[in-house]
Amino acid sequence: MPNPIDCRDGLAALPPVLLEHLRQADEVLVLTGAGVSAESGIATFREALNGLWARFDPAQLATAEAFVEDPVRVWSWYEWRRAQVLAAQPNPAHRALADWGRQHGRLRLVTQNVDDLHERAGSREVIHLHGSLHAPRCFACARPLAAPALPESAEQLVAPPLCPACGGLARPGVVWFGEALPAEALASAWALAERCDLCLVVGTSGLVQPAASLPGVARQQGATVVRIDPQPAADFKGDWQLLGAAGMILPALLERL
Ligand code: APR
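Residues numbered from 1 in each chain as written. Predicted model: local features only at pLDDT ≥ 70, side-chain atom pairs only at ≥ 80, totals over all residues. Heavy atoms only, no water.

*Asks:* Residues and numbers for the nonpolar core, please.
*Replies:* Residues L14, L200, I228, L242, L250 and L253 are the most contacted members of the largest nonpolar core, which totals 31 residues. Those elements that provide at least two residues to this core are α1 (16–24), β2 (28–32), α6 (92–104), β3 (107–111), β7 (198–202), β8 (224–229), β9 (240–243) and α10 (246–256). By residue number, the principal contributor to this core is α10, which donates six residues. Not counting residues within four places of it along the chain, the set of residues in contact with L14 comprises I5, C7, L19, L242 and L253. Formed by 22 residues, the second largest nonpolar core is a distinct cluster that contains L181, C199, V201 and F236. (Core = buried A, V, L, I, M, F, W, Y, C linked by side-chain atoms within 4.5 Å. Buried < 20%, exposed > 50% of the residue type's maximum accessible area, 1.4 Å probe, protein only. Helix = DSSP H or I, 4+ residues; strand = E, 2+ residues; numbered from the N terminus. Contact = heavy atoms within 4.5 Å.)

*Asks:* Tell me about the sheet that holds β2, and please be specific about residues and values.
*Replies:* Taken in spatial order, the seven strands make up an open sheet running β1-β9-β8-β7-β2-β3-β4, and their pairing is parallel. Looking at strand neighbours, the two that pair on one side only are β1 (5–6) and β4 (127–128), the edges of this open sheet. Relative to β4, β3 runs parallel, the two being bridged by two bridges. Looking across to β4, one finds that T111 is bridged to H128. With respect to the sheet, α6 is in contact with β2, β3 and β7, its orientation differing from that of β3 by roughly 150°. (Pairing = 2+ DSSP bridges. Axes fitted to C-alpha atoms, helices over the stretch in contact; angles between N-to-C directions.)

As structure tokens, then:
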């Protein structure tokens, strides 16, 4: 198993045996991370933030403690990200995964992303392990709240709206560092990893648990694991690693299935 396979110039080097695995797969789990939205212009989580946010470390904004300390700064950061997402379009990677899901029938998409680009590309029943930018809730009583109108400018600091029921502050509907993942989403993703025969890992550095454990669970029970990323990863040295951008590789793969 030549590992990794350089796919930056196309899939000519793809071994037929790998294509067979992809064609024969009965149950497919796809795990995506920020890299699948990179070609839509959404900065990946660990790329340097730009503009007003350049001086902040995302990990220092994505916590309940940061929100309590400065709700306006944290709320404004997520509203900036939400505005980016709403201004972006799904890219060929999102669309190829949606097409594959329609054609295959037993393909489930699990994402760490908090954008809605998979859904806007046509994917159904997407499992969001880290929540969503589009589902704010009350920080005090957890009641779901409507997303407010976006701020005029990306750099504008805005106060979070108040919960109409208890007067608490609205918080982003994302999972912050130190918070538990939504139990049902995690249980569904874990069950899929335990029974899939193909696990596709697209655009994630695999640094954050428990999402990062899913490919290992699939590998452990005998699934074929295929990682798509411009950078190789040591944890996947025994799997198939296709080096390149998801927006090029996924549509090209789908054409061959
Ligand atoms: N196609 C495929 N992969 C890409 C592309 C692309 N065009 N561009 C970048 N990548 C890869 C990077 O090489 C990297 O491995 O996407 C990955 C992005 O990694 P991170 O920025 O760490 O994002 P992610 O893995 O999704 O982070 C996981 O960590 O901080 C938390 O909650 C946050 O959901 C996030 C989680």
